[in-house]
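Chain and residue survey
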Amino acid sequence: MEEIIIIFVEGHGEHIFFKKLIKEIEKKLDKKIKDYEIENLKSIGRYKGKALRIYREKYKRKYQCKKIVLFNYDTDVFKKKPYPVDWEKVKSDFEKEDKNCEIYYLRIEEQME
């Protein structure tokens, strides 16, 4: 295995969405995407500590390959301060924990019609 994709989501709806998205991508590519995991944190606030704990216990030691970490979140909770998550700190904590991971953010923007 060259790399694994780990997607952290804040809720059940996002967990279902990403599972379906990956299945659709697999159908379009006619290829199985086998090296990915989706972790439901069940709250935006759990990105602060629980995400790193899960990463450390489940992925850091088990996979000696490149790890691509995706943080998915809704932007609606970031409309007013104090913000529930300091993304720079989360990223810094992950990078200190494991130099073999890349961090990306998947923001779900609220759309006004």
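Please read all numbers here as calculations on a predicted model, not as lab measurements.

All right, on to the sheet that holds strand 2 (residues 36-40) then. One open sheet holds the 4 strands; their spatial order is 2-1-3-4, and the pairing between them is parallel. Edge positions in the sheet fall to strand 2 and strand 4 (101-108), since each has one partner strand and no second. Taken over all neighbouring pairs, the strand axes of this sheet differ in orientation by 20° on average, direction set aside. Where strand 3 (residues 66-74) and strand 4 come together, 8 bridges link them in parallel fashion. When the sheet's bridge partners are listed, valine 69 is paired in strand 4 with isoleucine 103. Where helix 1 (residues 12-29) meets the sheet, it contacts strand 1 (3-9), strand 2, strand 3 and strand 4, and its direction lies at approximately 165° from that of strand 2.

This part is about helix 2 (residues 50-60). Of the positions making up helix 2, those classed as buried are Ala51, Leu52, Ile54, Tyr55 and Tyr59. In a view along the axis of helix 2, the buried residues occupy a sector of 155°, so they form one face of it. Against the buried residues of helix 2 lie strand 1, strand 2, strand 3, helix 3 (87-97) and strand 4.

With that out of the way, let us pick up the pairing of strand 1. In terms of burial, strand 1 is largely enclosed, as 5 of its 7 residues are buried. Sheet topology note: the strand 1/strand 3 ladder contains 6 bridges and is parallel. Looking at strand 3, one finds that isoleucine 7 is bridged to leucine 70. As judged from the 5 bridges shared by strand 1 and strand 2, these two strands associate in the parallel manner. Bridge assignment links isoleucine 6 to a residue of strand 2, and that residue is glutamate 37. Note on the crossover from strand 1 through helix 1 to strand 2: the handedness is right-handed.

Rules used throughout
Residues numbered from 1 in each chain as written. Predicted model: local features only at pLDDT ≥ 70, side-chain atom pairs only at ≥ 80, totals over all residues. Heavy atoms only, no water. Pairing = 2+ DSSP bridges. Helix = DSSP H or I, 4+ residues; strand = E, 2+ residues; numbered from the N terminus. Axes fitted to C-alpha atoms, helices over the stretch in contact; angles between N-to-C directions. Contact = heavy atoms within 4.5 Å. Buried < 20%, exposed > 50% of the residue type's maximum accessible area, 1.4 Å probe, protein only. Arc of directions from axis to C-beta. Right-handed = clockwise from strand over helix to strand, strands pointing away.

This is a description of form; function is not addressed.
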